[in-house]
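Below are the chains, spelled out letter by letter.
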Amino acid sequence: MRKYYKLFIAAIVLLVFIGIFFFLWKKSQPKPVVYDEFVPEMGDISKTSIVTGKIEPRNEVSVKPQISGIITEILKEAGDHVAQGEVIAKVKVIPDMNQLSSAEARLRLANINVAQAKTDYEREKVLYDKGLVSREEYEKSLQTYNQNAEEVKAASDNLEVVRDGVSRSNANASSTLIRSTISGLILDIPVKVGNSVILSNTFNDGTTIATVANMNDLIFRGNIDETEVGQLVAGMPMSITIGALQNLNFHAQLEYISPKAVESNGANQFEIKAAVHVPGGNEIRSGYSATAEIVLARASQVITLPESAIEFENGETFVYVVNNSGETKSYERRPVKTGLSDGIRIEIKSGITTKDTVRGPKKVEGEDE
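Residues numbered from 1 in each chain as written. Predicted model: local features only at pLDDT ≥ 70, side-chain atom pairs only at ≥ 80, totals over all residues. Heavy atoms only, no water.

## Details of the overall build of the chain
Part 1 of the reasoning: Secondary structure summary: the chain contains 4 helices and 20 strands in total.
Part 2 of the reasoning: Taken across its 369 residues, the chain has 31% of its residues classed as buried.
Part 3 of the reasoning: Within the chain, counting contacts between residues at least 6 apart in sequence, those at least 24 apart form 72% of the total.
Part 4 of the reasoning: Within the structure as shown, the chain displays about 23700 Å² of accessible surface, and the carbon and sulfur contribution to it stands at 51%. (Helix = DSSP H or I, 4+ residues; strand = E, 2+ residues; numbered from the N terminus. Buried < 20%, exposed > 50% of the residue type's maximum accessible area, 1.4 Å probe, protein only. Contact = heavy atoms within 4.5 Å. Areas by Shrake-Rupley, 256 points an atom, 1.4 Å probe, with all protein chains shown as cover.)

## Digging into the pairing of strand β2 (residues 41–57)
Part 1 of the reasoning: When β2 meets strand β15 (residues 289–306), the two strands line up antiparallel, connected through 13 bridges. What sits directly across from Val-51, in β15, is Ala-292. (Pairing = 2+ DSSP bridges.)

## A closer look at the nonpolar core
Part 1 of the reasoning: Residues Ile-55, Phe-220, Leu-232, Met-238, Ile-240, Ile-272 and Ile-294 are the most contacted members of the largest nonpolar core, which totals 28 residues.
Part 2 of the reasoning: Of all the secondary-structure elements, those providing two or more residues to this core are β2, β11 (218–225), β12 (237–242), β13 (248–264), β14 (267–277) and β15.
Part 3 of the reasoning: Counting residues in each nonpolar core, the second largest holds 18 residues, with Ile-67, Val-82, Ile-178 and Ile-209 among its members. (Core = buried A, V, L, I, M, F, W, Y, C linked by side-chain atoms within 4.5 Å.)

## Structural notes on unusual backbone geometry
Part 1 of the reasoning: Phi is positive for Gln-301, close to 50°, though the residue is something other than glycine.
Part 2 of the reasoning: Position of Gln-301 relative to the elements: it lies in strand β15.
Part 3 of the reasoning: The backbone of Asn-314 shows a phi angle near 55°, a positive value even though the residue is not glycine.
Part 4 of the reasoning: Position of Asn-314 relative to the elements: it lies in the loop between β16 (311–313) and β17 (316–322).

## Quick word on the sheet that holds strand β3 (residues 60–63)
Part 1 of the reasoning: The 4 strands are arranged β3-β10-β8-β5 in an open sheet whose pairing can be described as antiparallel. Only two strands of the sheet have a single partner each, and these edge strands are β3 and β5 (81–82).
Part 2 of the reasoning: Across 3 bridges, strand β8 (residues 184–188) lies against strand β10 (residues 210–213) in antiparallel orientation. What sits directly across from Ile-186, in β10, is Val-212.

## Some words on a nonpolar patch on the surface
Part 1 of the reasoning: The grouping of Ile-9, Ile-12, Val-16 and Ile-20 at the surface amounts to a nonpolar patch, some 320 Å² of accessible area in total.
Part 2 of the reasoning: With respect to the helices and strands, the residue Ile-20 is situated in helix α1 (residues 2–28).
Part 3 of the reasoning: A relative accessible area of 47% means that Ile-20 is categorised as partly exposed. (Patch = residues over 30% accessible without salt bridge, like charges linked within 9 Å, V, L, I, M, F, W, Y side chains within 5 Å. Salt bridge = Lys/Arg side-chain N within 4 Å of Asp/Glu carboxyl O.)

## What about the sheet that holds strand β9 (residues 196–197)?
Part 1 of the reasoning: Taken in spatial order, the 4 strands line up as β7-β6-β4-β9 in an open sheet, and their pairing is antiparallel. The sheet terminates laterally at β7 (177–179) and β9, the two strands that pair on one side only.
Part 2 of the reasoning: Relative to β9, strand β4 (residues 69–74) is paired through 2 bridges, and the arrangement is antiparallel. Residue Gly-69 lies in a different strand from β9, and its bridge partner there is Val-197.

## Describing the environment of Lys-125
Part 1 of the reasoning: Assignment of secondary structure puts Lys-125 in helix α2 (residues 97–129).
Part 2 of the reasoning: Each C-alpha atom of the pair Lys-125 and Ser-141 lies 8.7 Å from the other, and the pair is 16 residues apart in sequence.

## A look at the packing of aromatic side chains
Part 1 of the reasoning: For the coordinates displayed, the defined rule picks out 3 aromatic pairs.
Part 2 of the reasoning: Centroid distance Tyr-128 to Tyr-138: 4.6 Å. Interplanar angle 10°. Geometry classified as stacked. Here the residue Tyr-128 occupies a position in helix α2, and Tyr-138 occupies one in helix α3 (residues 135–164), the gap between them amounting to 10 residues.
Part 3 of the reasoning: For Tyr-128, a relative accessible area of 25% translates into the label partly exposed.
Part 4 of the reasoning: Pairwise contacts between aromatic rings join Tyr-121, Tyr-128, Tyr-138 and Tyr-145 into one cluster.
Part 5 of the reasoning: If you follow Arg-333 out to its NZ or CZ, it ends over the ring of Phe-318, 3.8 Å from the centre.
Part 6 of the reasoning: Over the ring of Tyr-320 we find Arg-359; its NZ or CZ atom is 4.2 Å from the centre of that ring. (Phe/Tyr/Trp six-rings, centres within 6.5 Å; stacked < 30°, edge-to-face > 60°. Lys NZ or Arg CZ within 6 Å of the ring centre and 35° of its normal.)

## What about the pattern of salt bridges?
Part 1 of the reasoning: The full count for this structure, using the stated rule, is 16 salt bridges.
Part 2 of the reasoning: One salt bridge in this structure joins Glu-73 and Lys-90, with 3.7 Å as the shortest N-O distance. Residue Glu-73 is found in strand β4, and its partner Lys-90 is found in strand β6 (residues 87–93); the two are separated by 17 residues along the sequence.
Part 3 of the reasoning: Judged by relative accessible area, which is 32%, Lys-90 ranks as partly exposed.
Part 4 of the reasoning: Overlapping salt bridges bring together Glu-56, Arg-221 and Glu-271 as one network.

As structure tokens, then:
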């Protein structure tokens, strides 16, 4: 019984060794090379460039005060629409002491002069009524009196403007009322009630009370690489995508290409701007990140092949055309003239037709044939 058991174990071991040997022999046998095959097709090819940038209003202005002072009231907030000339905020003037002293002195002098002119005028009038002076001298004293009276009004207005920022005679045009210079949407109001503000002058830009923009006239602003800028011309159509708005797509038209490059991450890039045509009912906010697709070149109804089927050698291009079918295949290496490529498919200008079958790259082991 033990003898049969040993023979059984030996048989199993032998079978295992035979199986391993057969498996290794099978693996060592060369496998036939199998290639993908493609049939040239008629189609359209477009070479495009993708540019990242932002959506901005074409006309965005900073509203600044005409006088220095303190914000006493803010009548609008960011997101409100304003018309040109509409009041955004009010400013209380902080008078300059030198200017205030000069204005007060001017008014005092004007009052002295008008009092004297009035006395002279009344004296001349009495003499004129008695026929003791000429009409010319009388009218001259009247003119002097009127001129001094006007100077009193001017000095009084000047004092009110210096002290209060507004005079009774020009209350409607008060510089204490900060008005919007354009019609549009208020993007930002960076000041609060109680903040000090200064007017724009030679030494500073002044305090921005509000930023207002016309959101009905938008542009796309981005940068394109120097290798592609030579193919751009003003007027080219663009497709704009805003990812933040569920990939909203709309059209734009290229209108500006910068004549000067700027260096970015070691590469030269050129700024471009495009007029954006926003579909009705879509609210676009300033500063949205966007992607622009520009068609640099297009070929319609041409013979195309996957670019992986093309062999590039010494500036020339070749394909391998299948000569026969069945288990044994032969391939003819044939030169072709290529054209436009979109990175996946390439235009074939000459060398093959849509009736040919072209060899592609080797199939990866395990792929379905």
